[in-house]
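Descriptive analysis of the structure
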Amino acid sequence: MELQNKRISDQEFYSIREEVLQQWPTAKSVNFDEAVAYHKSLPQHKLFSKKLVDAKEKSTTLIQPRAGVALIKEHIELLTYLQDKGEADLLPTTIDSYTRQNRYQEAETGIRESFKEGRSMLNGFPAVNHGVEGCRKVIEALDTPLQVRHGTPDARLLTEITYAGGFTSYEGGGISYNLPYAKNVPMEKTIRDWQYVDRLTGIYEEAGVSINREPFGPLTGTLVPPCVSHAVAIIEALLAAEQGVKNITVGYGQCGNLVQDVAAIRTLEELTDEYLQKYGYNDVIVTTVLHQWMGGFPQDEAKAFGVISWGSATTALSKATKVIVKTPHEAAGIPTMEANAQGLRCTKQVISMLADQVCTAANLEEEKEVIRRETRALVDKTFELGNGDIAQGVVRAVQAGVIDIPFAPSRYNAGKMLPARDNNGAIRILNAGNMPLPQDMLDFNRAKIEERAKFEKRKASFQMVIDDVYAISKGRLVGRPQGMR
C-alpha cells in the first residue's frame, strides 16, 4: 500500500502482526488481552503516563537516567540502586545494540557470555530474548515507572514484547530512530514500521491502557538547531496521534545557551500542541523532556559535574516535565551505577534549588519567536511536499533536504545544513542547505555568526563547526581559536 498518514486498518495491522510475532520464539508468549489485564493490575505509581500528567499539572520536573545490562538479576539490581540511591523518579531500560538491529541470535550469545563471564557482555538489556516473563520480573521488582529506550529502526517485535511485559513508556520514531542511527534504511520503511508501533500503542489506549510515547529529541546530539529537532518531534507526534496515541513526550537536547534552551523547551510544547490541534488531534496530552548535554564530556569528574549541573539548571528554569540525566563518567564510557546515581542526585539537588525561580531574560521572547518561525517553515513545507499528508511529506522532505539532520550517518539524509554557535553560544545555521527558512531568518542566523567571526578575528567557516563540536570536552561552550578566552 502507498505510504500515508492514515490509521492502519485492523485487517492490515493484524496481518502484519502475524509476521512480526514469528520473528523470535519468545513472541509466542504475547497475548494482547492478557497483557491488557496485566497493565490494569499495575498500581498507579508504576504508570509512566500518570506520573507525567501529575508532574505537568504540578509544574514539577522528574529525573530519569539511562541504564541497561544483559541479565535480569543484574538489571534489577542496577535499577533498584538508581531508584533507591539515585532518587530517580522514572527508570529506563536501555536496549542492547544487537536487539536494536534485530540480531536476536547474537543477543542470545551475549546473554550466555554474560553468565559465563559474570558481567554484562552486552551494552543493554536484550528484552526480546528475555521475553514477556523476563520483562515482568523487572517491572515487578521496582516501584517506579519504566521506559524502553533503544535506537531501533524496526522496533515492532521489541514493542510487542515489552508492552506485553508491562512497560508503560516507549521511546523512538520513524525519523529519530533512523537518520541518526542507521546508514541504509529507507525513510519509507521506518515510517511504516513505526506506524505499526504507534498503532499498537493506540490499540492498547483503546483498551484502557495509556502508554506514553516519546520521539527521540536530541537526534545526533551535537549542534542540532532547535528548529530541526522541533520539526522532527512535531512530525513524529502527528504520526503517532493519527494511530491513536494519546500521551506524547517531545524532547530536546541541551545546546548550552541558557536563553535558547529555555526558549526551545517552552516553544516545543507550544508548537506541538499547535500542530496537533490544527490537524484535529485535540485529546493528546503533551509533555516535554530535556536531555542533558549529549556531546563530548570533560575527562575531569569535577568539570563533568559542572556540565551536569548546567543541564539541571536549564531544565529547572525551562520547566521541562522531565530530564534525562548524564553521569560524571560520560567521557570514560559506560558509567558505574554509583556514578549514575551521583548524576541523578546532583540533578535533583539543582532542580530543587531552582524550582521556584523563573527565567525572564529580556531576549527570551525574541529567541522563542525565532524558533517558532523556523520550525513552522520546516513543518509547513513538509506538509506541502506531501500534498497535505505528513507521512509522504517527511519522506520527500528528507530527500529534498528540507529536513536535514547535522552529522547524521544515513545516506538518505542530505547533510548539507551546517550549524555553528554564535558569540553567545546559541546554535545558529551557518549553511542552511535546502532548508526553506524565510530570508530574514537566514539573514538573522548569518549576522549572528558573523558577529562571532568578527569577535574572533577569523572568517565564518567549517572550522568553527569543528571547534564547537569539541568545545565542551575542553571546558568551553563556544569553540574559540586557541589561546582566546
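Residues numbered from 1 in each chain as written. Predicted model: local features only at pLDDT ≥ 70, side-chain atom pairs only at ≥ 80, totals over all residues. Heavy atoms only, no water.

Here's the deal with the layout of surface pockets
The following threshold applies: A pocket, in this scheme, is an open set of points on a 1 Å grid over the protein atoms alone with protein on both sides within 12 Å along at least 5 of 7 lines, while a cavity is a set where a 1.4 Å probe fits but cannot get out; residues line either one if an atom lies within 4 Å of a point. Grid points are joined across faces, edges and corners, and a volume is the space filled by probe spheres set on the points. Think of it this way: any DSSP run of H or I at least four residues long counts as a helix, any run of E at least two long counts as a strand, and we number them from the N terminus.
The volume enclosed by the largest pocket comes to roughly 1,100 Å³. Looking at the lining of the largest pocket, the elements with two or more residues in it are α4 (72-84) and α13 (337-354).

A word on the nonpolar core
What counts here: In these notes, a set of buried Ala, Val, Leu, Ile, Met, Phe, Trp, Tyr and Cys residues joined through side-chain atoms within 4.5 Å is what counts as a nonpolar core. Whether a residue is buried, partly exposed or exposed follows from its accessible area with a 1.4 Å probe, protein chains only, as a fraction of its type maximum: under 20%, in between, or over 50%, in that order.
Within the largest apolar cluster, 131 residues are counted, with the highest numbers of intra-cluster contacts made by Leu157, Ile175, Ile191, Tyr204 and Val228. If you tally residues by element for this core, the top one is helix α10 (residues 226-242), at twelve residues. In this structure, Trp293, Phe297, Ile308 and Cys346 belong to the second largest nonpolar core, which totals seven residues.

Some words on the packing of aromatic side chains
To be explicit about the condition: Stacked, tilted and edge-to-face pairs are distinguished by plane angle, under 30 degrees for stacked and over 60 for edge-to-face with tilted covering the rest, among Phe, Tyr and Trp rings (Trp via its six-membered ring) whose centres lie within 6.5 Å. Here, over-ring charges are defined by two tests on the NZ atom of lysine or the CZ atom of arginine: distance to the ring centre within 6 Å, and angle to the ring normal within 35 degrees.
Per the counting criterion, the structure on display carries twelve aromatic pairs. Ring geometry for Phe13 and Tyr14: centres 5.1 Å apart, planes at 90°, overall edge-to-face. Exposure remark for Phe13: the relative accessible area of 1% places this residue in the buried category. Judged by its relative accessible area of 38%, Tyr14 is partly exposed. Both rings, one in Tyr177 and one in Tyr181, keep their centres 5.1 Å apart while their planes meet at 80°; by these two values the pair is edge-to-face. Its relative accessible area of 30% is what places Tyr181 among the partly exposed residues. In textbook terms, an aromatic cluster arises when at least three aromatic residues are bridged by ring pairs, as seen for Phe32, Tyr163, Tyr170, Tyr177, Tyr181, Trp194, Tyr204 and Phe216. Lying across the ring of Tyr38, Arg136 places its NZ or CZ 3.9 Å from the centre.

Describing unusual backbone geometry
Residue Leu219 is not a glycine yet carries a positive backbone phi of 55°. Within the secondary structure, Leu219 is located in the loop between β5 (212-214) and α10. Of note, the phi angle at Asn387 is positive, near 50°, even though the residue is not glycine. In this structure, Asn387 sits in the loop between α14 (364-385) and α15 (390-400).

By themselves, these figures tell us nothing about what the structure is for.
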